[in-house]
Amino acid sequence: MSGSVDAAAVVAAVQRVGVELVAQEAYLTALDQQMGDGDLGITLSKIGRALQGFAATTPVEGDIGKWLGKAGMAANRAGSSSFGTLLATALMRAGKVAAGKTELGGEDLAAMFAAADAGVQERGKAQPGDKTVIDALHPAAEAFAAAIASGQSLQEAGRAALAAAEAGRDSVTPLRSKVGRASWVGERTEGKVDAGCEAFVVMLRCLVNPSG
Amino acid sequence: MSGSVDAAAVVAAVQRVGVELVAQEAYLTALDQQMGDGDLGITLSKIGRALQGFAATTPVEGDIGKWLGKAGMAANRAGSSSFGTLLATALMRAGKVAAGKTELGGEDLAAMFAAADAGVQERGKAQPGDKTVIDALHPAAEAFAAAIASGQSLQEAGRAALAAAEAGRDSVTPLRSKVGRASWVGERTEGKVDAGCEAFVVMLRCLVNPSG
Amino acid sequence: MKKILNQPADFVPEMLDGLLKAHPDMLSHAGDDLHCIVRADAPVMGKVALATGGGSGHLPVFLGYVGKGMLDGCAVGDVFASPSAEQMLAVTQRIHGGKGVVYIYGNYGGDVMNFDMAAEMAALEDIEVRTVLVRDDVASAPPEEAHRRRGVAGMVFAFKCAGAKADMGGSLDEVVAAAEKALANLRTMGVALSPCTVPRAGKPTFTIGEDEMEIGMGIHGEPGMKREKLQPADQITERMMTAILDDLKPQAGDRLAVMVNGLGATPLEELYIIYRKAHMMLSERGMSVYRAYVGEYATSMEMAGASITLMRVDDELAALLDHPAQTPFFVQVKL
Amino acid sequence: MKKILNQPADFVPEMLDGLLKAHPDMLSHAGDDLHCIVRADAPVMGKVALATGGGSGHLPVFLGYVGKGMLDGCAVGDVFASPSAEQMLAVTQRIHGGKGVVYIYGNYGGDVMNFDMAAEMAALEDIEVRTVLVRDDVASAPPEEAHRRRGVAGMVFAFKCAGAKADMGGSLDEVVAAAEKALANLRTMGVALSPCTVPRAGKPTFTIGEDEMEIGMGIHGEPGMKREKLQPADQITERMMTAILDDLKPQAGDRLAVMVNGLGATPLEELYIIYRKAHMMLSERGMSVYRAYVGEYATSMEMAGASITLMRVDDELAALLDHPAQTPFFVQVKL
Ligand SMILES: Nc1ncnc2c1ncn2[C@@H]1O[C@H](COP(=O)(O)OP(=O)(O)O)[C@@H](O)[C@H]1O
Ligand SMILES: Nc1ncnc2c1ncn2[C@@H]1O[C@H](COP(=O)(O)OP(=O)(O)O)[C@@H](O)[C@H]1O
Ligand SMILES: [Mg+2]
Ligand SMILES: [Mg+2]
Ligand SMILES: [Mg+2]
Ligand SMILES: [Mg+2]
């Protein structure tokens, strides 16, 4: 028995991530300026604000999945850079899996995580190793599912996912970016952390360690 | 008897001024940047080069006046900013007065100086006190004529003219420019030397003190 | 950050408001969203409609080419950020004249993902949408990975040729073919001398030394492929031209349309000095200039630098290029 | 100095060479001097000819307005330096179509002296020359000394209106009257955010702090009248508009042509943010915009900043403004 989260917890989690994204604007902007166009922090702070507003004003009404799908659409409206669109896609896909639910158990969360991962790969068409958010997201989704399958608590599974995301992020840092804006910067991307990986780690850490 | 200059001396003087104008390019540019458009040094170095070229390739052929007039046209072709055009006008007017001469005495030179002064005032329509080259040129022409009239040598008259030009330049430095580009800079011109006055002093000094 | 603006967050909405106030005879917007720019007379019934979109900060790209003989609509994002799929859909619905819609836009992740989503949504409403990606920047990937290249100033020639084809009554297939033919025959390469600042970011995307230039920079302030010492104009031009010529491989006798594009802060005088050398290089190779475009066609706000685009034209592309057009930023009449 | 050029001394000749290579269908030159730019079809017999001239570094001013419906010729000087009287005379001779020549140019010492000399020389050859000085910059002198004001972007409206009158077959008197009427009804005011560098000088004409702006600067890099802290776009616009409105004194119900002009490095986005506020201020006062021109019309190379020009139009000026024109930088067709 790995525990579960209810609608209030999901809303609170979305709120928390929203606050964190606003707080990290300058940091993520600086990362994206190194090998992108410098808009990642801006996009995510706009999305963070939009998610806070959405969570504050939209009641769940007995369907966490539908609510998450709508949160994804609000995110897309607020910021539609590559990462922003992928984040919106992830929310919509996770929501689809959770359709009709009022409470989410470990298996639900693992399935949502996997659906988000698949959705991001489909929409973005990047491969593992291309040095994109997928290199953090995919191992995190797998680690989460494995931990749940082996009977660990949500808390433990979350920590395993975070560790996998960080390891995934670090594993591609030495590589050359192969997809998106960073791919045009060429060899100068080698040794620099992928901004999208780091943004994903920031969000996941905030979900796993609510206090920071 | 105040002495006289022959064609060779006139050619040498024009050569010398030409060299000096090229040498002072950066200095005069810096002055014009303070309250103008920063082209005075450039214009005068182009004119300086043109005068050297003209003097080197154009024989006087028995008419110093005509030769000076042609030098003025060469100057206008080379650089036609306000100061450049006034300098060209001065040469042409001085040349008119010296038409047909093969040797210039003190009175001739005084008359040429006065004609140049009148020509510059006519072409530029500035008044004494407007803080333009006229405030150095006009007193210099008068001092030169007075010195010659009182029987001083060319050398002495030249020194008197230079002193008058410097005094005239300094007398208008505290004033606000009333004519040309500097007039648009307004009160910020107060206390700054007029670039045209200084350019005239530079040329006159080079004529009066050949060694520098 | 030294810019003439009010609140950074209002940069794009106020720019759009100004633009719509300045050109009410030519431009309008879909619904109540200023980001959804359309021709004032949209939809033009019975004509294939053309839409583009992308981030702000590139004027006249993208919305400046909305008008007669070029584009029908444009979804406008925040500075260097893609508009949303919903906005693209709103433009699509508003300009559809019954003969389908062609999306022509630069190959950028956010734009691709959102236009793909918009096309999926439009299909649900029975609007036939076709997509043409602009990937003209030779600096952004080697020829064997040409599908990875980003879209820069060359998109203007694609807008012009496809827009002319649609204006002449071309079918959806023909308009797509015109865009693809233009793109198959054009290449672009650029250099940057200074960075630019996203208003909300407040500081430049990259820094560059007083004596350096960035070869093959993008039009989003993203760094280019290489940093080098600043060279004289003729060498910079040779550098860009050689990269393009090696990739496009035009032959002696070919006619080329040439665009020398300023990135925002580079004076027109300098663009003509570049054009001069480009023209001389083509003449030396026995090629001729069919039409020359020198000016600011695709910018990165206050970035200094320039790009060159060459398009090889045959009789068909020449006729499409010559066709009249009238937009807020591009007016061309028959000579 | 960060510029794309070869030798500083070749800046202007190479720019002119590039320009003539790019626009052979529209531009040519008198004699063998590239500085003497004329319409490719000059002289247009039976038409009053218009000439202008001045220093380089202001593209599209001056030579960019040589073409059908605007100017017939332009004498081009080195950067910020007047062309010579001889060059002006060469242009005058080449464009004279038998009905006289009008000189329209900005009130700058060197230009005035040389155009005066050129007019004297032309008179000796029985070419009737009339002079119209552009003095539109309200920042450069108070109203009681309006004759001292310098000429800036407003000259483009004067070229447009006088050029249209000549194109319509107007007499020498009528063309002069059209230019003077346009000028009597227009005013300009500008701000600069950064300086510019004359290529041969190698360093900027003035320096300006990261948080400062120069009110009422000239288009030659000469300092303005006042240095202030950088303000938000709406306040800068209010500042410029108020100075113009107080001087021009248009009334409720008046129609105005508006030009928001970039000085070289200011992005079009920012110009539209300025336009937005200007438009709103006119609306609040019950005035309407007859035509809006937003872009780079008169620059100072890479200077950042902008100017606003307002021209009050009656039916006559409106018709002259609406008349078609086609030059390398200004194409206007009947809507
Ligand atoms: N096609 C893609 N698939 C997956 N992730 C991507 C893709 N493109 C970009 N990313 C991720 O998004 C990050 C950049 O996000 P963002 O700044 O929003 O992109 P952009 O500004 O290029 O639209 C990258 O660091 C990378 O992790
Ligand atoms: N109308 C005038 N009459 C006399 N001298 C003038 C006049 N206008 C300018 N000057 C002189 O010329 C100097 C500036 O010369 P220059 O840089 O060539 O002018 P600009 O660049 O304005 O054409 C001024 O310092 C002043 O002494
Ligand atoms: Mg980015
Ligand atoms: Mg000067
Ligand atoms: Mg982006
Ligand atoms: Mg000058």
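Above this text you will find the structure in question.
Before going into details, it helps to say that this report is about the structure given with it. Keep in mind the model is a prediction, meaning the values are calculated, not measured. (Residues numbered from 1 in each chain as written. Chains lettered and ligands numbered in written order. Predicted model: local features only at pLDDT ≥ 70, side-chain atom pairs only at ≥ 80, totals over all residues. Heavy atoms only, no water.)

Some remarks on the sheet that holds strand E8 (residues 212–215) of chain D
Residue and element names in this part refer to chain D. With mixed pairing, 6 strands are arranged side by side in an open sheet as E9-E8-E7-E12-E10-E11. Looking along the sheet, the strands with just one partner apiece sit at the ends: strand E9 (226–229) and strand E11 (288–295). On average, each strand axis in the sheet is tilted by 20° relative to the strand beside it, whichever way the strands run. Relative to the sheet, helix H4 (residues 155–167) contacts strand E7 (186–192), strand E10 (255–262), E11 and strand E12 (305–313), its axis offset from that of E10 by approximately 125°. (Pairing = 2+ DSSP bridges. Helix = DSSP H or I, 4+ residues; strand = E, 2+ residues; numbered from the N terminus. Axes fitted to C-alpha atoms, helices over the stretch in contact; angles between N-to-C directions. Contact = heavy atoms within 4.5 Å.)

What to know about the site of ligand 2
B:Ser81, B:Ser82, B:Gly124, B:Arg181 and B:Asp194 are the nearest of the 19 residues found near ligand 2. More than a single chain frames ligand 2: its nearby residues are located in chains B and D. Within the contact set of ligand 2, an oxygen atom lies 3.2 Å away from a side-chain nitrogen or oxygen of B:Asp32. In the model, an oxygen atom of ligand 2 is placed 2.9 Å from a nitrogen or oxygen of the B:Gly196 main chain. Starting from 570 Å² of accessible surface for ligand 2 in isolation, the protein chains cover 93%. Counting residues per element, the ones that place at least two in the shell around ligand 2 are helix H5 (82–97) and helix H9 (195–208) of chain B. Per-class residue counts for the shell around ligand 2 are 9 nonpolar, 5 polar and 5 charged. (Near = heavy atom within 4 Å. Polar contact = N/O pair within 3.5 Å; in protein donor to acceptor, adjacent residues only side chain to side chain. Areas by Shrake-Rupley, 256 points an atom, 1.4 Å probe, with all protein chains shown as cover. Nonpolar A, V, L, I, M, F, W, Y, C, P; charged D, E, K, R; others polar.)

A few points about the relation of the copies chain D and chain C
For the pair chain D and chain C, the best superposition has an RMSD of 0.0 Å and corresponds to a rotation of 180° with a translation of 0.0 Å parallel to the axis. Accordingly, the operation relating the two chain copies is best matched by a two-fold axis. For chain D, the smallest separation between a C-alpha atom and the rotation axis is recorded for D:Ala265, amounting to 1.9 Å. When the interface residues of chain D are mapped onto chain C, 100% of them again lie at the interface, so the same face is used by both copies. (Least-squares fit on C-alpha atoms with pLDDT ≥ 70 in both.)

Digging into the interface of chain C and chain A
Counting residues at the interface gives 36 residues for chain C, matched by 29 residues for chain A. Here chain C and chain A share an interface that buries about 2600 Å² over both sides, 48% of which is from carbon and sulfur atoms. There are 5 salt bridges connecting chain C and chain A. As a salt-bridge pair, A:Lys125 and C:Asp116 come within 3.6 Å of each other at their nearest N and O atoms. Elements represented by at least two residues in the side of chain C that touches chain A include exactly helix H2 (85–95), helix H3 (109–124) and strand E9 (226–229) of chain C. When residues in the side of chain C that touches chain A are grouped by element, the largest group, 7 residues, is from H3(C). (Buried area = accessible area lost by both parts, 1.4 Å probe. Salt bridge = Lys/Arg side-chain N within 4 Å of Asp/Glu carboxyl O.)

A closer look at the site of ligand 1
Taken together, 18 residues lie near ligand 1, and A:Ser81, A:Ser82, A:Gly124, A:Arg181 and A:Asp194 sit nearest. More than a single chain frames ligand 1: its nearby residues are located in chains A and C. One nitrogen or oxygen atom from the main chain of A:Phe83 is found 3.0 Å from an oxygen atom belonging to ligand 1. Surface burial for ligand 1 is 93%, taken as the share of its 570 Å² of free accessible area covered by protein chains. Looking at the shell around ligand 1, the elements with two or more residues in it are helix H5 (82–97) and helix H9 (195–208) of chain A. If one sorts the elements of the shell around ligand 1 by residue count, H5(A) sits on top with 3 residues.

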